[in-house]
Amino acid sequence: MAVDSSAETDTRQTLAPRIGSELRQATRPEGESGDGRVLEIRDLTIDFASVDGRVRILNGVSMMARKGEVVGIVGESGSGKTTLGLAILGLLDSPPANIVSGSVTFEGRDLLKLRPAEMEMIHGTGINMVFQEPLDSLNPVYTVETQIGEALKVQRKRQDPPVTQATEGETKGLITDLLRNLCIDKPEEVLERYPHELSGGMRQRVAISISTIEKPRLMISDEPTTGLDAYVQNRILGMFSAARKAGETLLYITHDLTIASQICDRIYIMYAGRVMEAGQTRGVLQEPLHPYTSTLVASVPQGYEDAPPLSVQLGEPPDLRNLPGGCKFNPRCPYAKDVCRETEPKLEEVFAGRYAACWRVDKELGRFS
Amino acid sequence: MGDLVEIENLTVAFRSKRREGLFRSGPSLKALDDVSLTIGENETFGLTGETGSGKSTLAKVLVGLYRPTSGTVRFLGREIDYKSRKDIAYLRQNVGIVFQDPVRSLNPSLTVKDVITEALIAAKSVPKKDYDERINFITKLVGVTKDLLPRRPRELSGGQRQRISLARALVVPKKLLVLDEPTSALDVSIQAQVLNTLKRLKSELNMSYLFITHDINVIKYVSHRLGVLFYGRLVEVGDTRTVDTVPKHPYTQSLISHVLTLKKVGLQETVVSEHRPAPSGCRYRIVCPSAFERCAAVPEWVNLGDGHLVSCFLYDHTSQKESQALLPTPAAMSGDPRAPKEPS
């Protein structure tokens, strides 16, 4: 963390254009801010009613995603990242959930104010979500073919102008092609199976293909590769990059920094229902401003058996029912001072495109001090 | 470093549930096929492979939960007879295990203290009056604070639960600890803490680890030696650094190249299709880019020096004539039962 100041500003200046040029290849040319925003969340605060009283799961979360961008939401258990995804889709049951304040704007409309029937029209083809546990999102009594076919029907019906429904043979052809793209051998056999007959990685790929066949304009994926091995992980991530190339916007929820570093253009680091740091992925992971981000980066095992212990601070994930005063990370933070225990820092822009919520980040110097 | 565990030609076969008729059971599936390896004292042996490669099967054989179909397991030179209760008890006295899922592997109705005490009762070798002392000692070592002892697993976080699994496995000292994906259900910062604890414990308690995970970054960080499994067959074994930097088996090469790291940028464009194991010969030959005729036979181990072993014909430079003699006749390759069996 303690880098001499001249070196720090140098990297900052050299880093910025480098990231810019790389991203321009990956996404569309940079427009003015506010332009091309598919999703914009402002000050979203959500409470859950529980036996211990009201628990605040999200606290003033703001974020946005531009068209064709892959935005990562990175955090550990209890950081509120899944709740955020569900809130965007309007899938939170109320009660127990209660949206206290904030707005979720998707293509100019505030999703929180839509009627259920209007929201339903957005589900699937507008916004779609892939969940962590694919077994829960697939219907156990229908075959793979029926389930993907249903999604395809919805997609065709909603197109403007409407496209005629595919014939049975056509549907089958489209689905087998899709599964083959996901590196599934013998898709014809897989089509006739039921979800419980598939392996975990296969199920996840089926769930993803249901989402992609609907061609949503915004795809939210919640830890889609957790617990899968490197191969399947790569295949699934490859799928997402293909979808992004087709102009889809992707919100990628994960706790795995290595994955985030591969596919995300920008990331938001969340802790205890708050955004702690946000910015271009490369910048955030290579030069973290917030001590929590540094902890996450230091947690990734590197080197061999003889490498020194990983430099992480002890401490458990935050207990949302019982959060400390001031900055929520202060009990685990090695740099906490008095102000950190008293007042909570706000997420502020440190330099262009980079935000952090930390008292020890000096805005004038644009770095941690 | 003496060898603590010697596994020779271990095969574990399961009968498929799908029956082929009323009286005909289905084909059997080899979860482990002719696996030989050793684990030295105070060594961490890392075992990796994809889902379904047989990693967990090996773990379960080592604690006596599965019985080998054939092959031998020797623990401190003593050959384990899996039909003898005495031998299984001996194995369990010396080998502890920590499972992947910290929720399902702890009894929800017991307090933390009960969970750990159960292990002491089962061991039978510890007098009752020493229980408290043992529990105090081990909980301090694995980093479980005293206030957690009267709680129940559901009140604890994943990291705490995994520490309790560790305490339970080690409250009676063990020679070998089998860790089956111990950190893959944990958050990254908690995973790092548990890995640090594991490394410290090993030096303090003088034991060996068999560390099983599909996460190459983790396995590199913890293990001295590394073994790579592909559909039940061990394809490469060697010093972790060597296997990681100069992988020899085409499967290992592809596995290592698919590992995501913070430094690596850009996705590896995956062209491999679903990994289907070959029914005979080298299991990897269907997807292997460098497969050739000889791969239809089961490759012998090739020693590349310094304990780096690879099971691949690419490195088998015994002269073609010699190997021709060793190779089964073409009839055997096509599965003709009349053909002479391949010499082992």
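Bear in mind that the values here come from a model prediction, so they are computed numbers and not experimental data.

### A closer look at the overall build of chain A
The secondary structure content of chain A amounts to 13 helices and 14 strands. Of all 369 residues assigned to chain A, the portion counted as buried reaches 46%. Considering only intrachain contacts with a sequence separation of at least 6, the fraction spanning at least 24 residues in chain A is 65%.

### A word on the overall build of chain B
A count of helical and extended segments in chain B gives eleven helices and twelve strands. The buried share of chain B, taken over its 344 residues, is 42%. Long-range contacts, defined as pairs at least 24 residues apart, comprise 65% of the intrachain contacts of chain B with a sequence gap of at least 6.

### Details of the interface of chain A and chain B
In this complex, chain A contributes 42 residues to the contact, which on the side of chain B involves 40 residues. Looking at which element gives the most residues to the side of chain A that touches chain B, the answer is helix H9 (residues 230–245) of chain A, with seven residues. Taken together, the residues that form the side of chain A that touches chain B break down as 19 nonpolar, 16 polar and seven charged.

### Details of the confidence of the model for chain B
Residues and elements named next belong to chain B. Of all residues in chain B, 87% have pLDDT values of 70 or greater, and the mean over the chain is 83. Predicted confidence for residues 319–344 stays below pLDDT 50, and this span has 19 contacts to residues more than four positions away or in other chains. Scoring of the predicted complex yields 0.80 for pTM and 0.76 for ipTM.

### Quick word on the domain arrangement of chain B
Residues and elements named next belong to chain B. For chain B, the domain assignment lists domain 1 (3–17 + 27–231) and domain 2 (252–344). Taken together, the contact between domain 1 and domain 2 spans six residues of the former and nine residues of the latter. Contributions of two or more residues to the side of domain 1 that touches domain 2 are made by helix H7 (216–222) and strand E9 (225–230). Classifying every residue of the side of domain 1 that touches domain 2 by side-chain character gives four nonpolar, one polar and one charged.

### Things to note about the nonpolar core
Grouped together as the largest cluster of nonpolar side chains are 174 residues, with contacts concentrated most on A:Ile269 and B:Leu210. The biggest single contributor to this core is H9(A), with eight residues. Two domains each provide a minimum of three residues to this core, namely domain 1 (3–17 + 27–231) and domain 2 (252–344) of chain B. Residues contacting A:Ile269, with those up to four places away along its chain left out, are A:Val74, A:Gly75, A:Met276, A:Glu277, A:Ala278, A:Val284, A:His290, A:Tyr292 and A:Thr293.

### Thoughts on the sheet that holds strand E1 (residues 37–50) of chain A
All names here are of chain A. Here we have four strands laid out as an open sheet, ordered E2-E1-E4-E5, and antiparallel in their pairing. Looking along the sheet, the strands with just one partner apiece sit at the ends: strand E2 (53–66) and strand E5 (109–110). When strand E4 (residues 97–106) meets E5, the two strands line up antiparallel, connected through two bridges. What sits directly across from Phe106, in E5, is Arg109. Here helix H2 (residues 81–89) sits on the sheet and contacts E1, E2 and E4; the angle it forms with E2, its principal contact strand, is near 70 degrees.

### Considering helix H12 (residues 291–299) of chain A
Burial analysis of H12(A) places seven of its nine residues in the buried class, the great majority of the element. Looking at H12(A), one finds that the buried residues are A:Pro291, A:Tyr292, A:Thr293, A:Ser294, A:Thr295, A:Leu296 and A:Ser299. Buried residues along H12(A) sit against helix H10 (257–263), strand E9 (266–271), strand E10 (274–280) and helix H11 (281–286) of chain A together with helix H6 (188–205) of chain B.

### Things to note about the packing of helix H4 (residues 131–142) of chain B against helix H5 (residues 158–170) of chain B
Residues and elements named next belong to chain B. At their nearest, the axes of H4 and H5 sit 9 Å apart, and the two run at 140 degrees to each other. One element, H4, and the other, H5, form an angle in the oblique class. Helix-helix and strand crossings are classified by hand; for H4 and H5 the assignment is right-handed. Within the contact between the two elements, H4 uses Ile138, Thr139 and Val142 and H5 uses Arg163, Leu166, Ala167 and Leu170. For the contact of H4 with H5, the per-class residue count stands at five nonpolar, one polar and one charged.

### A closer look at the sheet that holds strand E8 (residues 249–254) of chain A
Residues and elements named next belong to chain A. The sheet built from eight strands is open, its strands ordered E6-E7-E8-E3-E9-E10-E12-E11 with mixed pairing. Looking at the sheet topology across the chains shown, the edges are occupied by strand E6 (127–130) and strand E11 (348–351). Here the average twist between neighbouring strands, direction ignored, is 20 degrees. In terms of strand pairing, E6 meets strand E7 (residues 218–222) through four bridges, oriented parallel. Residue Asn128 lies in a different strand from E7, and its bridge partner there is Met219.

### Focus: the packing of helix H3 (residues 112–123) of chain B against H4(B)
Residue and element names in this part refer to chain B. Relative orientation of the contacting elements H3 and H4 amounts to 115 degrees, with a least axis distance of 11 Å. Taken as a pair, H3 and H4 cross one another with a handedness that is right-handed. Contact with H3, carried on its side by Lys113, Ile116, Thr117 and Leu120, involves Tyr131, Arg134 and Ile135 of H4 and no other residues of that element.

### Here we look at the pairing of strand E1 (residues 3–15) of chain B
All names here are of chain B. Inspection of the sheet shows E1 paired to strand E2 (residues 28–40) by nine bridges, in the antiparallel sense. Residue pairing in the sheet places Arg15 in a bridge with Ser28 of E2. Pairing analysis gives five bridges linking E1 to strand E4 (residues 70–75), with the strands arranged antiparallel. Looking at the pairing, Glu6 lines up with Arg74 of E4.

### Re the environment of A:Asp222
Residue and element names in this part refer to chain A. With respect to the helices and strands, Asp222 occurs in strand E7. Overall, the presence of 20 C-beta atoms within 10 Å leaves Asp222 in the buried class. For the pair Asp222 and Ala356, spaced 134 residues apart in sequence, the C-alpha separation works out to 24 Å. Discounting chain neighbours no more than four positions away, the residues touching Asp222 are Thr82, Gly85, Met129, Val130, Phe131, Gln132 and Ile253.

### Quick notes on helix H5 (residues 144–158) of chain A
With 15 residues, H5(A) should reach 21 Å at 1.5 Å per residue; the first-to-last C-alpha distance of 22 Å fits that figure. If you check which residues of H5(A) are buried, you get A:Val144, A:Glu145, A:Gln147, A:Ile148, A:Gly149, A:Ala151 and A:Leu152.

### Topic: the pairing of E8(A)
Residue and element names in this part refer to chain A. Of all six residues in E8, six are buried, a share of seventy percent or more. Side-chain alternation along E8 places Thr249, Leu251 and Ile253 on one buried face and Leu250, Tyr252 and Thr254 on a second face that is also buried. Here strand E3 (residues 70–74) pairs with E8 via five bridges, running parallel. Counterpart to Ile73 in the pairing with E8 is Ile253. Where E7 and E8 come together, five bridges link them in parallel fashion. If you follow Asp222 over to E8, its bridge partner there is Ile253.

### A few points about the confidence of the model for chain A
Here chain A averages 82 in pLDDT, and 90% of its residues register 70 or above. Within the model, pLDDT remains below 50 along residues 1–33 of chain A, and this stretch shows 22 contacts once partners closer than five positions in the same chain are excluded.

### A look at unusual backbone geometry
Residues and elements named next belong to chain B. The phi dihedral of Asn9 is positive, around 45 degrees, even though this residue is not glycine. A tally of 13 C-beta atoms within 10 Å means that Asn9 is categorised as partly exposed. Positive phi, close to 40 degrees, is recorded for Tyr231, a residue that is not glycine. Summarising the element assignment, Tyr231 is placed in the loop between E9 and strand E10 (233–239). On the basis of neighbour count, Tyr231 is assigned to the buried category, with 22 C-beta atoms found within 10 Å.

Reading guide: rules and limits
- Residues numbered from 1 in each chain as written.
- Chains lettered and ligands numbered in written order.
- Predicted model: local features only at pLDDT ≥ 70, side-chain atom pairs only at ≥ 80, totals over all residues.
- Helix = DSSP H or I, 4+ residues; strand = E, 2+ residues; numbered from the N terminus.
- Buried ≥ 20, exposed ≤ 12 C-beta atoms within 10 Å, placed from the backbone.
- Contact = placed C-beta atoms within 7 Å.
- Nonpolar A, V, L, I, M, F, W, Y, C, P; charged D, E, K, R; others polar.
- pLDDT = per-residue confidence, 0-100.
- Domains from an automatic or database assignment.
- Core = buried A, V, L, I, M, F, W, Y, C linked by C-beta atoms within 7 Å.
- Pairing = 2+ DSSP bridges.
- Axes fitted to C-alpha atoms, helices over the stretch in contact; angles between N-to-C directions.
- Parallel < 35°, antiparallel > 145°, perpendicular 65-115°, else oblique.
- Left-handed = near helix turned anticlockwise from the far one by under 90°.
- Expected span 1.5 Å × (residues − 1).

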